[in-house]
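Listed below, chain by chain, are the residues.
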Amino acid sequence: MYIFRKSQPRDLKAVMAIINGAKSLLNERHIPQWQNGDGPSAAIIATDIAQGRHYVLVKNQEILAIGTLIADLDPAYEAIDGAWSPASTKPYMAIHRLAVLPNTKNHGIATIMLQHLIDQSLKLGFKDIRIDTHRANLAMQHVIAKTNFTYCGIVHLAVANGERLAYQQIMA
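Summary of the structure given here. Worth saying up front: this structure is predicted, and the values here are computed from it rather than measured. Within any chain, residue numbers begin from 1 and follow the written order of that chain's sequence. Reporting of local features is limited, given that this is a predicted model, to residues whose pLDDT is at least 70; pairs of side-chain atoms are given and counted only at 80 or more, and all residues count toward the totals for whole chains, interfaces and linings. To obtain the side-chain values, all non-hydrogen atoms of the structure were used and water was disregarded.

1. Comments concerning unusual backbone geometry
Right, on to step 1. The amide bond that connects Lys 90 to the next residue, Pro 91, takes the cis arrangement and shows omega of -5°.
Right, on to step 2. Positionally, Pro 91 belongs in the loop between strand S4 (81–82) and strand S5 (93–100).
Right, on to step 3. With a phi angle near 55°, Arg 97 is a residue other than glycine that sits in the positive phi range.
Right, on to step 4. Numbered from the N terminus, helices here are DSSP runs of H or I no shorter than four residues, and strands are runs of E no shorter than two. The topology assignment puts Arg 97 in strand S5.

2. Focus: the sheet that holds strand S8 (residues 163–170)
Right, on to step 1. The eight strands are arranged S1-S2-S3-S5-S6-S8-S7-S4 in an open sheet whose pairing can be described as mixed. A strand with exactly one partner marks an edge of an open sheet, and here the two such strands are strand S1 (3–6) and S4.
Right, on to step 2. Paired strands, in this sense, are two strands between which DSSP finds at least two bridges. Sheet topology note: the strand S2 (residues 54–59)/strand S3 (residues 62–70) ladder contains six bridges and is antiparallel. Across the sheet, the residue bridging to Val 58 is Ile 63, located in S3.

3. Here's the deal with the pairing of S8
Right, on to step 1. By the criterion of burial, S8 is predominantly enclosed, with six of the eight residues buried.
Right, on to step 2. Bridging between strand S6 (residues 128–133) and S8 involves six bridges; their strand directions are antiparallel. Bridging from a neighbouring strand, Thr 133 pairs with Leu 165 of S8.
Right, on to step 3. Here strand S7 (residues 150–156) runs beside S8; their pairing, made up of six bridges, is antiparallel. Within S8, the residue paired with Ile 154 across the bridge is Leu 165.
Right, on to step 4. Counted along the chain from S7 to the antiparallel partner S8, the turn is six residues long, and its residue Asn 161 has a positive phi close to 55°. Each residue is assigned to one of three classes by its accessible area relative to the maximum for its type, calculated with a 1.4 Å probe on protein chains only: buried under 20%, partly exposed between the two thresholds, exposed over 50%.

In structure tokens form, the structure reads like this:
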């Protein structure tokens, strides 16, 4: 049984272990996402936790996956090279910093976590949900496709190798 909940300050060490594991895996796969200081830092995650927008997926008291929900307008998303759905709304919910414990790769944990983040977005009143990932991050693209997001275009984050494929889900 999985427990989906908001992160607590006591979770920071386990969360950072997941992020560092994800950075290593991305590096091994030659994906420049979250490399060279561009990934989430402990300070960023601590802020996400303090603001109540960071979530964890737990099983048997072990954190298996993490993610952040951000309702602020994102300048990169506002400047998309492509187009969001004509049914787009503002504000929208953006899903960021999704990662899973390295030894849970290929067990569907990322899909479960992403679905929980979508469900939480809906509970918070958002029907326009967005996410992005690096072009080379095929595993995340697969998870995004499995959860019924639609590709909308390219966004450019203010980091090195910041080009990202952007996706959206509009809920009725």
